[in-house]
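Chain residues, written in single-letter form:
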Amino acid sequence: MKTTRDGVALAHWFIALLAGVMVAASANAQHFVMKLSSPTINDVVHEWMKAFKAGAEARAGGRLKVEIYPANQLGQIPRTVEGVALGTIELTAPAVGFLVGLEPRFLVFDAPGLFDDVRHAEKVLTDAEIRKRLATFGMAKGVEPLFMFINGPLMLLSHKPVRALGDFKGQKIRVPGPAPLHVEPFRMLGTSPVSMPLGEALPAMQNRTIDGSIAAASVFTAFKYYDVAKGLTRLPKSFLVGAGLVNRAFMKSLGAELEGIVREEARKAEAVFSTWGVDEVDRIRQNWEKNGGESINLSPADAQRYLDEVGAVAGPLLAKNPQVKEDYEALQAAAGRLR
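Residues numbered from 1 in each chain as written. Predicted model: local features only at pLDDT ≥ 70, side-chain atom pairs only at ≥ 80, totals over all residues. Heavy atoms only, no water.

**Student:** What is the right way to look at the overall build of the chain in this model?
**Tutor:** Of the regular secondary structure elements, the chain holds 14 helices and nine strands. For the chain, the spread of C-alpha atoms along the three principal axes comes to 100 × 45 × 30 Å. Within the chain, buried positions represent 51% of all 339 residues. Taking the intrachain contacts of the chain between residues at least 6 apart in sequence as the baseline, contacts between residues at least 24 apart amount to 78%. For the chain, the exposed area adds up to about 15,400 Å²; of that, 56% sits on carbon and sulfur atoms. (Helix = DSSP H or I, 4+ residues; strand = E, 2+ residues; numbered from the N terminus. Buried < 20%, exposed > 50% of the residue type's maximum accessible area, 1.4 Å probe, protein only. Contact = heavy atoms within 4.5 Å. Areas by Shrake-Rupley, 256 points an atom, 1.4 Å probe, with all protein chains shown as cover.)

Have a look at this one:
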C-alpha cells in the first residue's frame, strides 16, 4: 500500500508535535541539586542527612540530587551560613549560636535551664505550636529552619579540668557563639570567653591559644579531642541546639510537589534525633572514657549555683529584644507543659 503525499505530511506533522511535547516535558521536569553542609561528622545531624537523602531522592524520581558535605567541606560555619542566605548552598546545620547575627530569635535556644534532658528537648522542638513559631524564624532574611535538633549536652573540655565553679576562673574558653548571651555568662564566671568557628577550636586547643572549648560531646569524640585534653565537664541543663537552615527561595523553586516531598522527608528523618541521637549520649560518654578521657559532673550545689548565676545574666539579655522575649516565654511554657 502506498502512502499518499497528504499521509506523509500528516506523519511528519505528528512526529514534530510529539518531539515538541517531549522537549516541553523535559524542560518542565527540572533537576535540582541540594547541597547539605555540616561542621561535624559521624554524629546525629550526619545521620539525619543520610536518612533525608535516601528518602527524598527515592521519592523525587531523579528530579532531586542531595549532596552531603560534613566536616566543614564547604567552608567554616560563617561562610556556609552566608552561603545559605545568598543561595549558593541550600542547607547548613550549625549550632544556633552562629545564626544569631542573621536572625536574633535563635538566641533563645542557648538559654541554660530551658530543657531537662535530651528527650525533653526533643519533645519541645517537635511540639506543633513551637514548630509553627519556628517556621517564621529568618523570614526577613530569606532563610528558615527546616529542622531543629539537639546535638547533645553542652560540654566544656579544658586542659585544666573544671571540677568546681571556681575552676572556671582565669581560663580562656571558646564559646559556641558571638552573642552577649554566649559571652557574658562565662565572663561573669571569671573566664575570658572567645567566639570562634568549630573548625578553628581544635588547633587552638592544640597550640594552647585557648585553654578550653565548649561544644557538644559528639564533637569531642568525633574529632579525637581526647588526644589533646582529658577533662570533659558537663554544663548543667545546657544543650547544643542546632538548626538545619535552608534557603526559602530554593524551597519555592522546587515547585509545590517537590517542596512537599522535601519537607515530608525532612520531618521523617527527624526520627534519628529521638532514637539514634538520644542513645548516642551514652555511647559518646563510653567512647570518651574508653580513650582515656574523664567525664566530670559538677556537685549538685555548684550545678545550682551555675544555673542561678548564669540565669541572672541571661534573663536580662533575652528581655532586651521584645520578640526574643516572647519566643523565650513561649518555649518556657512549652517546656513546662511537656515535662
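**Student:** Could you clarify how one ought to interpret unusual backbone geometry in this entry?
**Tutor:** Residues other than glycine predominantly adopt negative phi, and peptide bonds predominantly adopt the trans conformation. The phi dihedral of K224 falls on the positive side, at around 55 degrees, and the residue is not glycine. Take K224: it is sitting in the loop between α8 (217–222) and β8 (231–247). At K237, a residue that is not glycine, the phi angle is positive and equals roughly 45 degrees. Overall, K237 belongs to the partly exposed group, its relative accessible area being 38%.

**Student:** What is the right way to read the pairing of strand β6 (residues 192–195) from this model?
**Tutor:** Consecutive side chains along a regular strand alternate between the two faces of the sheet. With four bridges joining them, strand β5 (residues 172–175) and β6 adopt parallel strand pairing. Of the residues in β6, the one forming a bridge with K172 is S192. (Pairing = 2+ DSSP bridges.)

**Student:** Help me understand empty space enclosed by the protein, please; the structure alone is not making it clear to me.
**Tutor:** One water molecule sets the probe size; rolling that probe over the atoms shows where empty space is left. Under the definition given, this model contains three cavities of 30 Å³ or more. Of the volumes computed, that of the largest cavity is approximately 220 Å³. Lining the largest cavity are 18 residues, with D110, P112, L154, F186 and S238 positioned closest to its centre. Where the lining of the largest cavity is concerned, the elements lending two or more residues are α6 (180–188), β8 and α13 (300–319). For the lining of the largest cavity, the per-class residue count stands at 14 nonpolar, two polar and two charged. A volume near 130 Å³ is recorded for the second largest cavity. The wall of the second largest cavity is formed by 18 residues, among which P39, P94, A95, L198 and L240 lie closest to the centre. Residue composition of the lining of the second largest cavity, by class: 14 nonpolar, three polar and one charged. (1 Å grid on protein atoms, 1.4 Å probe; cavity = no way out; pocket = protein on both sides within 12 Å on 5 of 7 lines; lining within 4 Å. Points joined across faces, edges and corners; volume = space filled by probe spheres on them. Nonpolar A, V, L, I, M, F, W, Y, C, P; charged D, E, K, R; others polar.)

**Student:** Is there a simple way to think about the packing of aromatic side chains in this case?
**Tutor:** Any two aromatic rings considered together are summarised by their centre-to-centre distance and by the angle between their planes. Counted under the stated rule, the structure contains 13 aromatic pairs. Ring centres of F147 and F273 lie 5.8 Å apart, and the angle between their planes is 25 degrees; on these two criteria the pair is classed as stacked. You can see F147 sitting in strand β4 (residues 143–158) and its partner F273 sitting in helix α11 (residues 271–274), a full 126 residues away along the chain. Of the residues examined, F273 reaches a relative accessible area of 1% and is grouped as buried. Judged by centre distance (5.6 Å) and plane angle (15 degrees), the ring pair of F149 and F273 falls under stacked. Highlighted residues: F149 in strand β4 and F273 in helix α11, separated in sequence by 124 residues. Judged by relative accessible area, F149 falls into the buried class, the value being 2%. Following the ring pairs from residue to residue traces out a cluster consisting of W48, F52, F147, F149 and F273. (Phe/Tyr/Trp six-rings, centres within 6.5 Å; stacked < 30°, edge-to-face > 60°.)

**Student:** Where do I start with the environment of L99 in this structure?
**Tutor:** You can see L99 is positioned in the loop between β3 (91–92) and α4 (118–125). The spatial distance from the C-alpha of L99 to the C-alpha of L202 is 21 Å, given a sequence separation of 103 residues. Aside from chain neighbours lying at most four places away, what touches L99 is V81, P94, F106, A243 and L245.

**Student:** How should I be thinking about the side chain of R174 in this particular structure?
**Tutor:** Along the chain, R174 falls in strand β5. Lacking a salt bridge, the buried R174 has E200 as its closest oppositely charged neighbour, with an N-O distance of 8.3 Å. Among the polar contacts made by the side chain of R174, one reaches the main-chain carbonyl oxygen of I214 at a distance of 2.7 Å. With residues near it in sequence (within four places) discarded, R174 still touches F98, V194, M196, P197, L198, A201, I210, G212, S213, I214 and A215. (Lys, Arg positive; Asp, Glu negative; His and termini not counted. Salt bridge = Lys/Arg side-chain N within 4 Å of Asp/Glu carboxyl O. Polar contact = N/O pair within 3.5 Å; in protein donor to acceptor, adjacent residues only side chain to side chain.)

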